[in-house]
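Each chain, letter by letter, is given below.
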Amino acid sequence: MIRQIIQDLEIWQKNPNRKPLIIQGARQVGKTWIMKEFGRTHFENVVYINFESSVRLQQIFADDFSITRIISIFEIEIGQKIVAPNTLIILDEIQEAEKGLTALKYFQENAPEYYVMAAGSLLGVSLQKNNTFPVGKVDFLNLYPMSFKEFLINLNEIPLVTALQNKDWEIINPFHEKLTQYLRLYYFVGGMPEAVQTYLKTQSFPEVRNVQSNILKGYENDFAKYAPIEIVPKIRMVWQSILGQLAKENKKFIYGQLKKGARAKDFETAINWLTNAGLLHKSLHISKPVIPLKSYTDYDVFKLYLLDVGLLNAMANVNEQILLNKNQILVEFKGALTEQFVAQELVQQFDLHYWSADSATAELDYIIQKNQNIIPIEVKAEENLKAKSLKVFEEKYQTHNALRFSMNPYRKENWLENIPLYGVLTL
C-alpha cells in the first residue's frame, strides 16, 4: 500500500540534525506497518523490538541509559550486529518498557548516529501521563487513517490525484461523477488500512464491514485494558454517544445527551482520554475569526468527530447501497457523514475550529488558519448552493476567501469558491 507519510520519513532520514522519531496515531492506523516498510525499503537492516511481546526487555532501561549496553542487548535479542548508518531501530509498543520514552533522550544526546523510530498503542495517552518526557529531544509525526487522496492513489487513479493537486478544474470537471462515486465509496470503506486493503483485494462490502466492526470492538476492549478503571464507564458513554451527537442538526457536543444532569467536569477526563488516544477529534468554538485563532477559542464548547468516516458508518450500520446511491436520503446523518469526512481531511493539516453567530442565526462548520489567512468553510452534503451562514460571516468579517464544499462541480464567485467535496485535498 502507498502512504504519503513515507515522504515525511524520507525528509527525517536525510536530516543531519534528526532526533529519534515518535510516530503517533490511533491503534490500527498502520504505525507498525509503515515503520517496517520504511525500514525494508530505505535501510540495509531493520531491528524490530516489540516491548509488549518481548517481556524480558521491558526493564532494559530501568537501571541506566548506557547506549552501548542497550545496543549489545538488542544484538543478542535479534542475533545480528547493529551497524548504525545502515540500520533502522524500531521500538514498538515503547510505552510498555519502563522509562522507554525517557531513553530516547539518551539516543539523541549520546548516540545520534543511530536511526531510531518509536510508536505504541495509545501512546498519546502515555505522553500525557509522563511528566518527565524529554521535550525537545525527539521528533514527532502523526499517522492518520488513509486520506481520500491516499485512497485514490491506491485505486491507481494517480492522474486524477495530480489534476486535483494542481487544481486543474478544466481537466477534473469531466470526471466529476466518477470522483463523486469514489467519494461515496470512501464514505463506506473509510481510511483504516486493513479496511482499504480488504476492499482492494475482495471488493466485498460485507468483508470490509466485518473488518471495521472488529476494529471498533478492539477499541472498546482497549477502554478496559488501558484506561483508568474509574473512567471506563464514562469513556463508553461518550463513545456510544458520538452517533447521536453528530446526527443532530446542531452538532455541538451536549453533555445532557450522555445522561440527565451530566456536567462537563464529570466527563472531561473521559473525553480527553479518547482524544489523546486519537479516537476522537475535537473542533473548538471560536468567538472571533482573528489570528491567532487559539486566542479566541472557547475550550468548553466543541464538537467531537470520530477518527474515520468508515468506522462511523460501521457504528451506524449504514448499508453500502444507501451511500453509493445518491438518491437515497439519510436526512441529518447525511450531513454528519459529510462533516466527518471534511474533519478527518482537515485535521491532518489544521487545528479544527468552528464559528457561530451570537444570535445563533448562522454557523460555519469550519474555520481554519492557513499561513496568515483565516478561511471560513461551509459544508453541504449534496448540491445545495445556498450559503446563508457564509454571507452573514462575510458581511461581518470581510475575509473575501470563503469556501463551500458540496457535491457540485467547481465554481468561482467573487467572494466564494465552491469546491467539490472530493477536492478537500486541494487545501
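Just so it is clear, the structure is predicted and the values come from calculations on it, not from any experiment. (Residues numbered from 1 in each chain as written. Predicted model: local features only at pLDDT ≥ 70, side-chain atom pairs only at ≥ 80, totals over all residues. Heavy atoms only, no water.)

Trainee: Looking at this structure, how should I read helix α12 (residues 232–247)?
Mentor: Relative to the 22 Å expected for 16 residues at 1.5 Å per residue, α12 spans 24 Å between its end C-alpha atoms, a close match to the ideal helical length. Of all the bends in α12, the greatest, near 40°, is centred on S241. Buried within α12 we find V232, I235, V238, W239, S241, I242, Q245 and L246. (Helix = DSSP H or I, 4+ residues; strand = E, 2+ residues; numbered from the N terminus. Expected span 1.5 Å × (residues − 1). Bend = angle between axes of the 7 residues up to and from the residue. Buried < 20%, exposed > 50% of the residue type's maximum accessible area, 1.4 Å probe, protein only.)

Trainee: Before we go on, may I ask you to explain unusual backbone geometry in this structure?
Mentor: Backbone phi values are negative for most residues with the exception of glycine, while trans is the configuration of most peptide bonds. Of note, the bond from I291 into P292 is cis; its omega dihedral lies within 30 degrees of zero at -5°. In the Ramachandran plot, E93 falls in the positive-phi region, its phi being about 50° despite a non-glycine side chain. Within the secondary structure, E93 sits in the loop between β3 (87–92) and α4 (100–110). At K167, a position not held by glycine, the phi torsion is positive, near 55°. For K167, the location among the structural elements is in the loop between α7 (158–165) and α8 (169–172).

Trainee: Quick question: what am I supposed to make of the packing of aromatic side chains here?
Mentor: To describe a pair of aromatic rings, you give the distance between the ring centres and the angle between the ring planes. Across all of its chains, the model carries 25 aromatic pairs by this definition. With centroids separated by 5.9 Å and ring planes inclined at 75°, the aromatic side chains of Y186 and F341 adopt a geometry described as edge-to-face. Here Y186 is found in helix α9 (residues 176–189), whereas its partner F341 is found in helix α16 (residues 332–346), with 155 residues between them in sequence. The exposure classification of Y186 matches that of F341, with both residues buried. Taken together, F148, F151, Y186, Y187 and F341 form an aromatic cluster joined through their ring pairs. Between K234 and the ring centre of F267, over which it is positioned, the NZ or CZ distance is 5.9 Å. The ring of Y354 has K303 sitting right over it, with the charged end atom 4.4 Å from the ring centre. (Phe/Tyr/Trp six-rings, centres within 6.5 Å; stacked < 30°, edge-to-face > 60°. Lys NZ or Arg CZ within 6 Å of the ring centre and 35° of its normal.)

Trainee: I tried to follow the sheet that holds strand β6 (residues 280–286) on my own but got confused; where do I start?
Mentor: Consider a sheet: its strands pair through backbone hydrogen bonds, and that pairing is either parallel or antiparallel. The four strands lie next to each other as β7-β6-β8-β9, forming an open sheet whose pairing is mixed. Bordering the open sheet on either side are β7 (297–306) and β9 (363–364), each of which pairs with just one other strand. As paired elements, β6 and β7 share seven bridges and run antiparallel to each other. Bridging from a neighbouring strand, L280 pairs with L306 of β7. Running at roughly 90° to β7, α12 makes contact with β6 and β7 of the sheet. (Pairing = 2+ DSSP bridges. Contact = heavy atoms within 4.5 Å. Axes fitted to C-alpha atoms, helices over the stretch in contact; angles between N-to-C directions.)

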